[in-house]
Every structure is written in structure tokens, then in C-alpha cells.
Amino acid sequence: ETCGLTVQLRDGFIARLRVAGFDVAESFTNFALVRFDTIEAAQSADIALRSEGVIARAQGGAGLPNCLRVTVGTAEELDLAADLLERWAGGQST
């Protein structure tokens, strides 16, 4: 039951971010890996998330310095993370 809920929440979060234009790796785990164009963009998004109490894990130590790992939490937590990332993306210059 818990695994099924985790899959549902993860897949919904990934789908929402992809619709918003984010590059999110396919996942079979309890997290989503969000790729950014640059290391600076990943750091900026991380700051935006942390400023609202959302902790994503920078992946520089795993050799992916332009990625953030977002662990599946509650629906409310994932909605907040998606809201913040969408807001962050809307404020980026193209």
C-alpha cells in the first residue's frame, strides 16, 4: 500500500514538473531527479526551495552538480515543492 502511494505521488510530481518544462529523469525509486541547464540554476532553485523550508538534495557528490533530488513526501509537501519550482522557473530570464 505504501509503495503504491509513493509511486502515485512520485509520478504525479514528475508529470507536473515536466508539464512546467523541467527535465526530470524517469524514476523507479522514492525520489525525483530534477536536471537543470547549469550548476548555477540548480543552486538557485535549491535556494528558492530552502527559503520556504523545502529541502532538496544537491547531487554534486554523485557527479550530477546540475541536479537536485526531491524525495517523495506527502502530497502537500510535493505540491509545495512543485509550486516553488514553478515560481522559480517563472522568474528566470530566458
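This one's a predicted model, so the numbers in the text were calculated from it and none came from an experiment.

Caption draft 1: Seen up close, the packing of helix 2 (residues 39-50) against helix 3 (residues 75-90). For the pair helix 2 and helix 3, interaxial distance at closest approach is 9 Å and the crossing angle is 130°. The orientation of helix 2 with respect to helix 3, classified from their angle, is oblique. The crossing of helix 2 and helix 3 is right-handed. Facing Ala41, Ser44, Ala45, Ala48 and Leu49 of helix 2, the residues of helix 3 in contact are Ala81, Leu84, Leu85 and Trp88.

Caption draft 2: Region of interest: the pairing of strand 4 (residues 64-71). Two elements, strand 2 (residues 31-35) and strand 4, share 5 bridges in a ladder whose sense is antiparallel. Counterpart to Leu33 in the pairing with strand 4 is Arg69. Relative to strand 4, strand 3 (residues 57-59) runs antiparallel, the two being bridged by 3 bridges. Looking at strand 4, one finds that Arg57 is bridged to Arg69. With antiparallel pairing between neighbouring strands as the criterion, strand 3 and strand 4 make up a hairpin whose turn holds 4 residues, including Gly63 at a positive phi of roughly 80°.

Caption draft 3: Region of interest: the pattern of salt bridges. Tallied over the full model, the rule gives 6 salt bridges. A salt bridge links Asp11 to Arg10, with the shortest nitrogen-to-oxygen separation between them at 2.9 Å. The class of Asp11 is partly exposed, set by a relative accessible area of 36%. When the shortest N-O distance is used, the salt bridge between Glu86 and Arg16 registers 2.8 Å. Here Arg16 lies in helix 1 (residues 2-19) and Glu86 lies in helix 3, a separation of 70 residues in the sequence.

Caption draft 4: The sheet that holds strand 3, seen in detail. One open sheet accounts for 4 strands, arranged 1-2-4-3; its pairing is antiparallel. Edge positions in the sheet fall to strand 1 (23-24) and strand 3, since each of these pairs with one other strand and no more. Across the sheet, helix 1 touches strand 1, strand 2 and strand 4, and the angle it forms with strand 2 is around 15°.

Caption draft 5: Main features of the pairing of strand 2. Here 2 bridges tie strand 1 to strand 2, and the two strands are oriented antiparallel to one another. Along strand 2, the bridge assignment pairs Val24 with Val34.

Caption draft 6: Layout of the packing of aromatic side chains. Within the structure shown, the criterion is met by 3 aromatic pairs. Ring geometry for Phe36 versus Trp88: centroids 5.5 Å apart, planes at 85°, classification edge-to-face. Remark: Trp88 occurs in helix 3 and Phe36 occurs in the loop between strand 2 and helix 2; sequence separation between them is 52 residues. Residue class for Phe36 comes out buried when judged on its relative accessible area of 6%. Linked through ring pairs, Phe22, Phe36 and Trp88 together constitute an aromatic cluster. Positioned over the ring face of Phe31 is Arg69, at 3.9 Å from the centre of the ring.

Cut-offs used in this document
- Residues numbered from 1 in each chain as written.
- Predicted model: local features only at pLDDT ≥ 70, side-chain atom pairs only at ≥ 80, totals over all residues.
- Heavy atoms only, no water.
- Axes fitted to C-alpha atoms, helices over the stretch in contact; angles between N-to-C directions.
- Helix = DSSP H or I, 4+ residues; strand = E, 2+ residues; numbered from the N terminus.
- Parallel < 35°, antiparallel > 145°, perpendicular 65-115°, else oblique.
- Left-handed = near helix turned anticlockwise from the far one by under 90°.
- Contact = heavy atoms within 4.5 Å.
- Pairing = 2+ DSSP bridges.
- Salt bridge = Lys/Arg side-chain N within 4 Å of Asp/Glu carboxyl O.
- Buried < 20%, exposed > 50% of the residue type's maximum accessible area, 1.4 Å probe, protein only.
- Phe/Tyr/Trp six-rings, centres within 6.5 Å; stacked < 30°, edge-to-face > 60°.
- Lys NZ or Arg CZ within 6 Å of the ring centre and 35° of its normal.

What is shown is where atoms sit, not what they do.
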